[in-house]
Structures are given as structure tokens and as C-alpha cells.
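Analysis of the macromolecular model
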Amino acid sequence: MSVSPSMYSTPSSFPGPALRYAFLLVLLTILGHGTTHAQQARTITFEEAVQIALERNAAIRRSRNNVGLQATVVSSERADFFPNLNLSSSTSRTYGLTFDQTTGQLVSESTDAFNASASSSINLFNGFGDVASYNQARHALEAEEYTLNRTQQTVLFDLITSYLQVILDREQIQIRQEDLEAQRQQLARIEEFVRVGSRPVSDLYQQQATVASSELALLEAERAAQLSESRLIQVLQLDPFQEYEFVAPSAEEIPLLPREYDAESLLRTAFANRPDLQAQEASIEAALEGIRFARSGMYPSLSLFGSIRTSYSSRNELTSFADQLSDNRAQSFGISLSIPIFNRFQTRTNVERARVQYENARLAEETLELQIAAEVRQAYLDYQTAVKRLDVTEKQLQAAEQALAVEQERYNVGASTLVELTQARATYVQAASNRIQAIYRFYFQDRLLEYYQGTLNPTRPLF
């Protein structure tokens, strides 16, 4: 299975921000490879790249923000179970004829007044709406946490894809360099053969064209490596003005030990561990609690309340401020019962809306399960193919290497033509390229299985 970068197909006079950023990365990379390094390249291992991606990736940071926001919602819903407390006070100065409620007189003078009150209430029963609302927020938090986990796995998978592509392109450069060197050596030999008259001059011209073709292939391999490094820099969101060197072992250091997998066990593992499926299951539970919350509007609500208040007036000159606050104090408490009779079908509408959201969540889960099953089966088949490709490409490379050696000896003694020798070398180069691709694709498919099972671990070393 191949993973390709997003393509921008919308026509526009100016490229989008992402396209401009990618173009800038490519341009800076090409310019940086064509000039002397003004600063030392920063060496980045895969483990360091993982840490950078987990810290800087915008999708992960947004997902973390969503988790923090939902955690705040859970705290708010939990606080609804506690009583509230409100304090209020006011002061005023009145001029002219007024009725003083404290003294019971009509007076015409300036009066200073002060009032203070405190009130509290607590919900005793509201159809368990508060319980449903709290559970809904809690399940939504679980869904956000699972989504964060899956986002981290996706970013890590994208990083592995880009990192392996950089390594693969680097190996291709080495193959093309070796081929170019061999072609140049062959050109030197042919020049000597032509000089002594044992080969026609047409072989010299043909070999010169072959050397030029090898140089072009090397340039294209270098350009592909520069583009893959630019994409990796973009994935890591690194400074495009900095030079980087990504460290990785050669293909010979990668362990080629195939694992025994069972398709059914892989599928069970995926259903048990995929964070996106767990997030969807939590969303279903949240939607179910949403139905219960909507139904709470059908039940009566009962609450307990109480208050205390006091006041002061400057017209009561016989009583001090403290005494007035004490004398004018009043308390009240009671129980409030509210019975819904008719609210223009709002409760019924809310219940139906919540049911639709629940059904949509269940349908999304069924769709996701089918998608997971298809992904796991495809990854399993691709892994089996990658294992077989390892054996096939090894035999192909050995045969092509032996054929090239034989053809070289035949050409040296005049028993073969340059066309046959060139064809043998092209077959060898292609076999070497296929072998490198098979090695890295094998490792990539192993990580792909972990990703689709939901077991991809950021702390596990790449090699």
C-alpha cells in the first residue's frame, strides 16, 4: 500500500499556503545542496524526529487542546451537583421626598441606604438530567483522549513513511553512483579497445551516451531525495532555512525476520485496540446519555433554596449601623417544585434529535468497523507479498550480478556486444533497486500492520 501526499487541484492564480510552503522547502533544499553549507547541518535521528513531531505537530496540539477543553466541561458538569452561593450588596443616596421603609415615614432629605443579601440553592431532583449531562461530558472526554491517541499514531505513521522514503531515496543515490562509476570505468576500457582497434568507434559513442544517461539518472535520484527530505522537514515543521541530516542505518542493518501473523487474530486485535474505534464507542455512550438528558425534561424538578438579607438607612439616627444590620436581618428558605405540562413540544423535539444523533453514531461505528476490517486484511496481504518479495529480489539480484560478471568477461574477450553488456548492467541496476525497495517496503508493511491494529507505539525504536 502506498501513501501519497495530498494534491491541490483547485485552480487559482496564486498557490495556497501549504503549496507555497512546500515549494519554499524544495527551493531552499535545492539551493542548499548546490552551494557550500554556511552552517553545520543538524543531525536528527528517528527517535529525535518522533519527539519533534509529537511536540510540534499542529494536529496533535489541536487534539490536546480539545482534551483540555472537554476536561473543563467535565469539571463544570460535576460542579452542578453542588449548591450555589450568591452574595449581593448595594448602596444608594436619595434626595427629595421619599418613603423610608425602615422608619415608615415620608421625609424630604438626603438619605444613605445600604442593602446586603446572600442566597443559595441546590438541585434535589431534575429527572436525573444532571447525572446524564455529567456522564455525557465524561464519555466525550474519553472520546477526545482516544482521538488524541489515534492522532499521535497517525502522525507517527506519516513520519515513518516520510523517513523511510528519505532512506530509500538515499539508497537509490548510492546505487546510481555505483552504476555511474562502473559505466565510466567501462568507458575507459572501451576507449582503450577503440585505440588498439579491437572495438568499433560506435561502441565508444554508445558508451558515452550510456554514461550521460547514468549521470541523468543520478541527478533525478538526487532530486527525488531532496524532495523527500523537504516533505520530511514539512512533516516535522522544522525551520526551512536550517540544514538537516537524517540518520538511519543502511539496508544491510535492517533485520529481515518475517513474523507469523494470523488474519483473524489481527482483526480481533484491531477491534480491541484501535483508538478511533474506541473513540467512536465512547461517542455512542455520550449520545445515549444525551437521550437520557433530553428525557429529563419530561419529569418534575425539585430544588431547595434559602436566603438572608439585611439593610441600613441613615434616617434612623437612633440606631447604629451594626444594630440596624442586626435588627433588619431576615431569612427565608423553601422548596421549589416545577412540573412540566406543556412546553411547545420542545422536550419531544430534543429527545428525537438526541435519538438521531445516537443512531448516526452507531452507523458511523459500523462503517468504521468495515473500514478497519478492510484495512487490516489489505495490510496482511501486503505484508505476505512483501515477505515473498524479499526472497524473490534476493535471487534476482544474485542472478543479475552473476550475469553481469559473465557478460563483462564475454565482452572483454570479444564474444559479446556492447548492447548485451549494457542490457546486463541495466538489469543488475534494476535488480539492486528492487532489492532495496523490497527491504524497506517489508519494514514499512510491518509498521503498517501495527498502525491498522492500533498498536503503533511512539516509544518503540524504528530499527
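Every residue gets a number counted from 1 within its own chain, in the order that chain's sequence is written. Only residues with pLDDT of at least 70 get local features here, since the model is predicted, and only at 80 or more are side-chain atom pairs given and counted; chain-wide, interface and lining totals rely on the full set of residues. Only hydrogens and water are set aside; all other atoms, that is, all heavy atoms of the structure, feed into the side-chain values.

Thoughts on the overall build of the protein
Which entries qualify depends on this criterion: What counts as a helix is a DSSP run of H or I of at least four residues, what counts as a strand is a run of E of at least two, and both are numbered from the N terminus. Contacts: residue pairs with any heavy atoms within 4.5 Å of one another.
Counting secondary structure elements, the protein contains ten helices and eight strands. Considering only contacts within the protein whose residues lie at least 6 apart along the sequence, 83% involve residues at least 24 apart.

Side note on the side chain of Thr310
As a reminder, the rule being used: Here a polar contact is recorded for every N or O atom pair within 3.5 Å, except that within protein the pair must consist of a potential hydrogen donor and a potential acceptor, and residues adjacent in sequence are included only if both atoms are side-chain atoms.
Take Thr310: it is sitting in strand β7 (residues 301-313). Engagement of the side chain of Thr310 in a polar contact is seen with the backbone oxygen of Leu325, the distance being 2.5 Å.

Some remarks on the nonpolar core
Most often, soluble globular proteins have nonpolar side chains that are buried together. As a reminder of what qualifies: The definition of a nonpolar core used throughout is a set of buried Ala, Val, Leu, Ile, Met, Phe, Trp, Tyr and Cys residues joined through side-chain atoms within 4.5 Å. Relative accessibility decides the category of a residue: with a 1.4 Å probe and only protein chains considered, values under 20% of the type maximum give buried, values over 50% give exposed, and everything between is partly exposed.
Leu159, Leu236 and Phe246 are the most contacted members of the largest nonpolar core, which totals 60 residues. Going through the elements one at a time, α2 (46-56), α3 (58-79), α4 (129-196), α5 (201-236), β6 (244-246), α6 (263-273), α9 (346-412) and α10 (418-453) are the ones with two or more residues in this core. Looking at this core element by element, the count peaks at 15 residues for α4. With sequence-adjacent residues up to four places away left out, Phe246 is seen in contact with Ile44, Tyr163, Arg170, Leu232, Ile233 and Leu236. Residues Ile190, Leu404, Tyr411 and Ala424 belong to the second largest nonpolar core, which totals 15 residues.

Focus on the packing of aromatic side chains
To be explicit about the condition: Between 30 and 60 degrees the pair is tilted, below 30 it is stacked and above 60 it is edge-to-face, where a pair is any two Phe, Tyr or Trp rings, Trp via its six-membered ring, whose centres lie within 6.5 Å. Only when the NZ atom of a Lys or the CZ atom of an Arg is both within 6 Å of the ring centre and within 35 degrees of the ring normal do we say a charge sits over the ring.
Scanning all chains against the criterion turns up 14 aromatic pairs. Seen from their ring centres, Phe157 and Phe444 are 5.7 Å apart, and the 35 degrees between their planes marks the pair as tilted. Of this pair, Phe157 sits in helix α4 while Phe444 sits in helix α10; the two residues are 287 residues apart in sequence, bridging distant segments of the chain. Note on accessibility: Phe157 and Phe444 belong to one class, buried. Stacked on the ring of Phe193, the Lys or Arg Arg199 has its end atom at 5.5 Å from the ring centre.

Looking at the packing of α6 against α9
Put simply, the rule reads: Helix axes are fitted to C-alpha atoms over the stretch in contact, other axes to C-alpha atoms as well, and angles between N-to-C directions run from 0 to 180 degrees. Orientation labels follow simple angle bins: below 35 degrees gives roughly parallel, above 145 gives roughly antiparallel, 65 to 115 gives roughly perpendicular, and whatever is left gives oblique. The handedness criterion is simple: a crossing whose near helix is rotated anticlockwise from the far helix by less than a right angle is left-handed, and one whose near helix is rotated clockwise is right-handed. When residues are sorted by character, Ala, Val, Leu, Ile, Met, Phe, Trp, Tyr, Cys and Pro go into the nonpolar class, Asp, Glu, Lys and Arg into the charged class, and all the rest, Gly among them, into the polar class.
Axis separation between α6 and α9 bottoms out at 10 Å; the angle between their running directions is 140 degrees. Here α9 runs oblique to α6, going by the angle between their axes. The handedness of the crossing between α6 and α9 comes out as right-handed. Contacts from Ala263, Leu266, Leu267, Ala270 and Phe271 of α6 reach α9 at Glu369, Ile372, Ala373, Val376, Arg377 and Tyr380. Among the residues making up the contact of α6 with α9, the classes are represented as nine nonpolar, no polar and two charged.

Considerations on the layout of surface pockets
Unoccupied space between atoms shows up once a probe the size of one water molecule is rolled over them. What counts, and what does not: A pocket here means an open set of points on a 1 Å grid, computed over the protein atoms alone, that has protein on both sides within 12 Å along at least five of seven lines. A cavity is instead a set of points where a 1.4 Å probe fits but cannot get out; residues with an atom within 4 Å of a point line either one. Grid points are joined across faces, edges and corners, and a volume is the space filled by probe spheres set on the points.
Of the voids in this model, the second largest pocket is the one considered here, and its volume is about 400 Å³. Around the second largest pocket sit 18 residues that line it, and Glu178, Glu252, Leu397, Ala432 and Ile436 are the ones nearest its centre. Within the residue set of the lining of the second largest pocket, elements represented by two or more residues are α4, α9 and α10. Top element by residues in the lining of the second largest pocket is α10. It accounts for seven residues. A per-class count over the lining of the second largest pocket returns ten nonpolar, one polar and seven charged.

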